[in-house]
Amino acid sequence: MAAMRYRLTFVAGVVLGYVLGTRAGRERYEQLKKSARQFAQNPAVRNTAETAAHQGREFAGKAYHVVSDKVGERVPDSVADRVRHLRDRATHNGGEDDWGTSNT
């Protein structure tokens, strides 16, 4: 009978600890989420992220042209045609790219 009482006490303690821990964890999660949202909406952070994204796109565009110029005719015709098509499309779009999008 004493063993049963200890088991029930232990189980009750585990349940109580779980409930309190879950509640505290949820509150901390909400605090972190709120802080992350405020950080992301900060104008300085947004400007920095936009500048980094713009510089990344510029660098990728330059790298794309350098690599395509150096590789030139050393690739199969199907790949060269695709590169020419992408270069022409980039030229006709005013230099804007569509990296990460699918048009197929």
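What counts and how
Residues numbered from 1 in each chain as written. Predicted model: local features only at pLDDT ≥ 70, side-chain atom pairs only at ≥ 80, totals over all residues. Heavy atoms only, no water. Helix = DSSP H or I, 4+ residues; strand = E, 2+ residues; numbered from the N terminus. Buried < 20%, exposed > 50% of the residue type's maximum accessible area, 1.4 Å probe, protein only. Areas by Shrake-Rupley, 256 points an atom, 1.4 Å probe, with all protein chains shown as cover. Expected span 1.5 Å × (residues − 1). Polar contact = N/O pair within 3.5 Å; in protein donor to acceptor, adjacent residues only side chain to side chain. Salt bridge = Lys/Arg side-chain N within 4 Å of Asp/Glu carboxyl O. pLDDT = per-residue confidence, 0-100. Patch = residues over 30% accessible without salt bridge, like charges linked within 9 Å, V, L, I, M, F, W, Y side chains within 5 Å.

A. Focus on the overall build of the chain. The number of helices and strands found in the chain is 3 helices and 0 strands. If you list the helices and strands of the chain from N to C, you get α-α-α. Within the span of the chain, comprising 104 residues, buried residues form 3% of the whole. As presented, the chain carries roughly 9300 Å² of accessible surface, and 60% of it is formed by carbon and sulfur atoms.

B. Expanded view of helix α2 (residues 43-71). In this model, α2 (29 residues) spans 41 Å end to end at C-alpha, consistent with the 42 Å of a helix rising 1.5 Å per residue. Two or three places before A44, at the start of α2, stands the capping residue N42, its side-chain oxygen 2.9 Å from that residue's backbone nitrogen.

C. A look at the pattern of salt bridges. The tally for this structure, following the rule as stated, stands at 2 salt bridges. Where R26 meets E30, a salt bridge forms, and the shortest distance between an N and an O atom there is 2.9 Å. Of the two residues, R26 and E30 are both situated in helix α1 (residues 2-41); the distance of 4 residues between them amounts to about one turn of the helix. Look at E30 and you get partly exposed, because its relative accessible area is 30%. Two residues, K33 and E30, come together in a salt bridge whose shortest N-O distance is 3.9 Å.

D. Main features of the confidence of the model for the chain. Scored by pLDDT, the chain has a mean of 80; 82% of the residues are at 70 or more. Of all the helices and strands in the chain, helix α3 (residues 77-92) carries the lowest mean pLDDT, 75, while α1 carries the highest, 87.

E. Structural view of a nonpolar patch on the surface. On the surface, a cluster of nonpolar side chains totalling about 600 Å² of accessible area is made up of F10, V11, V14, V15, Y18 and V19. Inspection of the secondary structure assignment puts V19 in helix α1. Overall, the relative accessible area of 38% leaves V19 in the partly exposed class.

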